[in-house]
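Here is how the chains run, residue by residue.
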Amino acid sequence: LGIEKMESISYDKNSNKIISIGRLVKFKTYNEQIIKILDEINNKFKLNLEYHIYGYGENENYLRSLSQDINSKVVFHGILSYSNFSNVLKDCLIFVGSGTSIIESSGLGIPSIIG
């Protein structure tokens, strides 16, 4: 069928990283929502979660500006080479995304939330 079996990776269940990979466009509101609730989650549950965003797009400047208004750590990494996709996810707690990236992350065994 042309479908390759994906191998699960050993993600770090003790990690503090939430990761998203994809274009930063307005209709993908999950980036904005995670940035807005990150402080609240960290404070309420006494966590130290970080949000790592891989990608670029016309909404990047807005998201960067929004992230400067919170105390939690938001890191913008820019473009991610597809060959590094699984390596980036090895040290994440959870993946948030849509489209192909969420299928890929779920296929690797990473807990994933559809944005």
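Residues numbered from 1 in each chain as written. Predicted model: local features only at pLDDT ≥ 70, side-chain atom pairs only at ≥ 80, totals over all residues. Heavy atoms only, no water.

Engineer: Looking at this model, I keep getting lost on the overall build of the protein. Mind explaining?
Structural biologist: If you tally the helices and strands in the protein, you get 4 helices and 5 strands. Helices and strands appear in the protein in the N-to-C order β-α-β-α-β-α-β-α-β. With the C-alpha coordinates aligned to their principal axes, the bounding extent of the protein is approximately 45 × 35 × 20 Å. By the burial criterion, 43% of the 115 residues in the protein qualify as buried. Taking the contacts inside the protein whose residues are at least 6 apart along the sequence as the reference set, 65% of them involve residues at least 24 apart. About 7,100 Å² of surface is accessible on the protein, with carbon and sulfur atoms providing 52% of the total. (Helix = DSSP H or I, 4+ residues; strand = E, 2+ residues; numbered from the N terminus. Buried < 20%, exposed > 50% of the residue type's maximum accessible area, 1.4 Å probe, protein only. Contact = heavy atoms within 4.5 Å. Areas by Shrake-Rupley, 256 points an atom, 1.4 Å probe, with all protein chains shown as cover.)

Engineer: Hey, could you run me through the side chain of D39 in this one?
Structural biologist: Its location among the elements puts D39 in helix 1 (residues 30-45). In this structure, D39 is buried with no salt-bridge partner, the nearest side chain bearing the opposite charge being K36 at 13 Å. With residues near it in sequence (within four places) discarded, D39 still touches I70, N71 and S72. (Lys, Arg positive; Asp, Glu negative; His and termini not counted. Salt bridge = Lys/Arg side-chain N within 4 Å of Asp/Glu carboxyl O.)

Engineer: Can you walk me through the packing of helix 1 against helix 2 (residues 60-67) in this structure?
Structural biologist: Think of two packed helices as two axes; the pair is described by the angle between the axes and how far apart they sit. Relative to each other, helix 1 and helix 2 sit at 5°, their axes nearing to 10 Å. Taken together, the axes of helix 1 and helix 2 are roughly parallel relative to one another. Residues N31, E32, I35 and K36 of helix 1 lie in contact with helix 2, whose contacting residues are Y62, L63, L66 and S67. Counted by class, the contact of helix 1 with helix 2 contains 4 nonpolar, 2 polar and 2 charged residues. (Axes fitted to C-alpha atoms, helices over the stretch in contact; angles between N-to-C directions. Parallel < 35°, antiparallel > 145°, perpendicular 65-115°, else oblique. Nonpolar A, V, L, I, M, F, W, Y, C, P; charged D, E, K, R; others polar.)

Engineer: Explanation requested: unusual backbone geometry in the structure shown.
Structural biologist: A negative phi angle is the norm for most residues apart from glycine, just as the trans form is the norm for most peptide bonds. With a phi angle near 50°, K46 is a residue other than glycine that sits in the positive phi range. Looking at the element boundaries, K46 is found in the loop between helix 1 and strand 2 (50-54). Accessibility expressed as a relative area gives 74% for K46, which makes it exposed.

Engineer: Please clarify how the sheet that holds strand 5 (residues 112-114) should be interpreted in this entry.
Structural biologist: Paired through their backbone hydrogen bonds, the strands of a sheet run either parallel or antiparallel. What the 5 strands build is an open sheet, ordered 3-2-1-4-5; its pairing is parallel. The open sheet has two edge strands with one neighbour each: strand 3 (73-78) and strand 5. Within this sheet the neighbouring strands show an average axis-to-axis angle of 20°, counted without direction. Pairing of strand 4 (residues 94-97) with strand 5 involves 3 bridges; the strand directions are parallel. From the neighbouring strand, G97 faces strand 5, where its bridge partner is I114. In this fold helix 4 (residues 99-107) packs onto strand 1 (17-21), strand 4 and strand 5, with an angle of close to 155° to the strand it touches most, strand 5. (Pairing = 2+ DSSP bridges.)

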